[in-house]
Amino acid sequence: MKNNIGSNTKLILLHPYIQKQGTSNRLWVLAFISFLTVAFLLTLIYTRESLTTSSVAAVSAITGSTNPPMSKAVVRALTHYASTSNNTERMSYADIKQIADVLRQCQQPCNLLVFGLTHETLLWKALNHNGRTVFIDENRYYAAYIEEKYPEIEAYDVQYTTKLSEMKDLIAAVKEQIQNECRPVQNLLFSECKLGLNDLPNQFYEVNWDVILVDGPRGYWPEAPGRMSAIFTAGVLARSKKSGNPKTHVFVHDFNQKVDRITSEEFLCKENLVNSKDMLGHFVIGRMDPNSYKFCRNHI
């Protein structure tokens, strides 16, 4: 029995090299699988980012802006709190709402020009958050203070040479020079018209303003500068637009004041008045031919 067993039994020995080779192959397989896993994850992340970027680009292309318009609820809230503050010089809710509605419908990016730094300054900037908002004020120190306190505000100071008591003489001077220095369509930077503002930065006169609000300068006593220059300048800027929307919305606050109403009727014109409610006059003025020499149709 022992012999049979001894003669039939075979001894198999595994060489150490074979064992090492098997271990090495397993390591290579694990490394290959790990590589494929990492490559898959990277591809997945890249694809997701690409889809997200493409979606944002598509939305931007459709809306024309990476920032969507401010919601109606936010506009209503801002308007409400601005009109219910304790400031005695604040605008009424009705006046603010008229301007806010126009800004919300303004084609983006909207260019807003405001004469006067007032209680509503931050409100106008916020409501026109996708566009450019520029403020003009007669107080250089206050303009500098506002810009320092609120770096996002773009404000310029201007020196008015007019007096409220001179309104009639100034309007007469414009009529005398209406075919020369006081034309309704011109670049005011090169104008010597008594009511034209020509000392602002050069690039200011190249902007196509979509909405203009006249809420300054001061004009409540004879020696005050009054708003004749601001109203005249607004009328010329609106008629002299070179591109963009051919219509410009011009608002005049304190329209119930005699001087502001008379000046507006001269340079913004009754036929362009679309609404007069509370203390606000709302005009819509169209672009005019450069060879025009009349502000209003009924002018001689």
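Residues numbered from 1 in each chain as written. Predicted model: local features only at pLDDT ≥ 70, side-chain atom pairs only at ≥ 80, totals over all residues. Heavy atoms only, no water.

- Identification of the chain as Protein IRREGULAR XYLEM 15 from Datura stramonium is taken from an unreviewed UniProt entry.

## A look at empty space enclosed by the protein
Next up, step 1: Enumeration over the complete set of coordinates arrives at one cavity of 30 Å³ or more.
Next up, step 2: Here the largest cavity is characterised by a volume of approximately 80 Å³.
Next up, step 3: Along its surface, the largest cavity is lined by Pro 69, Met 70, Val 75, Leu 103, Arg 104, Gln 108, Leu 127, Asn 128, His 129 and Asn 130.
Next up, step 4: The residue makeup of the lining of the largest cavity, split by class, is five nonpolar, four polar and one charged. (1 Å grid on protein atoms, 1.4 Å probe; cavity = no way out; pocket = protein on both sides within 12 Å on 5 of 7 lines; lining within 4 Å. Points joined across faces, edges and corners; volume = space filled by probe spheres on them. Nonpolar A, V, L, I, M, F, W, Y, C, P; charged D, E, K, R; others polar.)

## A short note on the side chain of Asp 254
Next up, step 1: The residue Asp 254 is located in the loop between β5 (247–253) and α9 (258–267) in this model.
Next up, step 2: Look at Asp 254 and you get buried, because its relative accessible area is 4%.
Next up, step 3: At 3.2 Å, the side chain of Asp 254 forms a polar contact with the side chain of Arg 227. (Helix = DSSP H or I, 4+ residues; strand = E, 2+ residues; numbered from the N terminus. Buried < 20%, exposed > 50% of the residue type's maximum accessible area, 1.4 Å probe, protein only. Polar contact = N/O pair within 3.5 Å; in protein donor to acceptor, adjacent residues only side chain to side chain.)

## Comments concerning the packing of aromatic side chains
Next up, step 1: Evaluated as defined, the whole model comprises seven aromatic pairs.
Next up, step 2: For the ring pair Phe 204 and Trp 209, a centre distance of 5.5 Å and an interplane angle of 45° mean the geometry is tilted.
Next up, step 3: One aromatic cluster is present, formed by Phe 204, Tyr 205 and Trp 209 through successive ring pairs.
Next up, step 4: Sitting above the plane of the Tyr 141 ring, Arg 140 keeps its charged end 5.9 Å from the centroid. (Phe/Tyr/Trp six-rings, centres within 6.5 Å; stacked < 30°, edge-to-face > 60°. Lys NZ or Arg CZ within 6 Å of the ring centre and 35° of its normal.)

## Some remarks on the layout of surface pockets
Next up, step 1: In this structure, the largest pocket encloses a volume near 680 Å³.
Next up, step 2: Together, 29 residues line the largest pocket, and Glu 89, Leu 117, Thr 118, His 119 and Asp 215 are the ones closest to its centre.
Next up, step 3: Those elements that provide at least two residues to the lining of the largest pocket are α5 (121–127) and α6 (140–149).
Next up, step 4: Looking at the lining of the largest pocket, the element that brings in the most residues is α6, giving four residues.
Next up, step 5: Along the lines of polarity and charge, the residues of the lining of the largest pocket split into ten nonpolar, nine polar and ten charged.
Next up, step 6: By volume, the second largest pocket is sized at about 250 Å³.
Next up, step 7: Forming the boundary of the second largest pocket are 15 residues, of which Cys 106, Gln 107, Asp 210, Lys 241 and Asn 245 lie nearest the centre.

## Concerning the nonpolar core
Next up, step 1: Among the nonpolar cores identified, the biggest contains 43 residues, and Leu 113, Phe 115, Phe 232 and Phe 295 are the most heavily contacted of them.
Next up, step 2: The element best represented in this core is helix α8 (residues 228–239), accounting for eight residues.
Next up, step 3: Ala 82, Leu 103, Leu 123 and Leu 213 belong to the second largest nonpolar core, which has 26 residues in total. (Core = buried A, V, L, I, M, F, W, Y, C linked by side-chain atoms within 4.5 Å.)

## What about the environment of Ala 100?
Next up, step 1: Inspection of the secondary structure puts Ala 100 in helix α4 (residues 93–105).
Next up, step 2: Using a relative accessible area of 3% as the deciding quantity, one classes Ala 100 as buried.
Next up, step 3: Each C-alpha atom of the pair Ala 100 and Val 75 lies 7.2 Å from the other, and the pair is 25 residues apart in sequence.
Next up, step 4: Sequence-distant contacts of Ala 100, that is, excluding residues within four places in its chain, are made with Val 75, Thr 79 and Leu 127. (Contact = heavy atoms within 4.5 Å.)

## Quick notes on the state of the cysteines
Next up, step 1: Using the criterion set out here, one finds three disulfides in the structure.
Next up, step 2: The disulfide partner of Cys 106 is Cys 110, and the gap between their sulfur atoms is 2.2 Å. Taking the torsion about the sulfur-sulfur bond, which here is approximately 90°, the covalent link between Cys 106 and Cys 110 counts as right-handed. As far as burial versus exposure is concerned, Cys 106 and Cys 110 are alike and both buried.
Next up, step 3: Sequence-ordered numbering of the bonded cysteines in the chain gives a pairing of 1-2, 3-4, 5-6. (Disulfide = S-S within 2.5 Å.)

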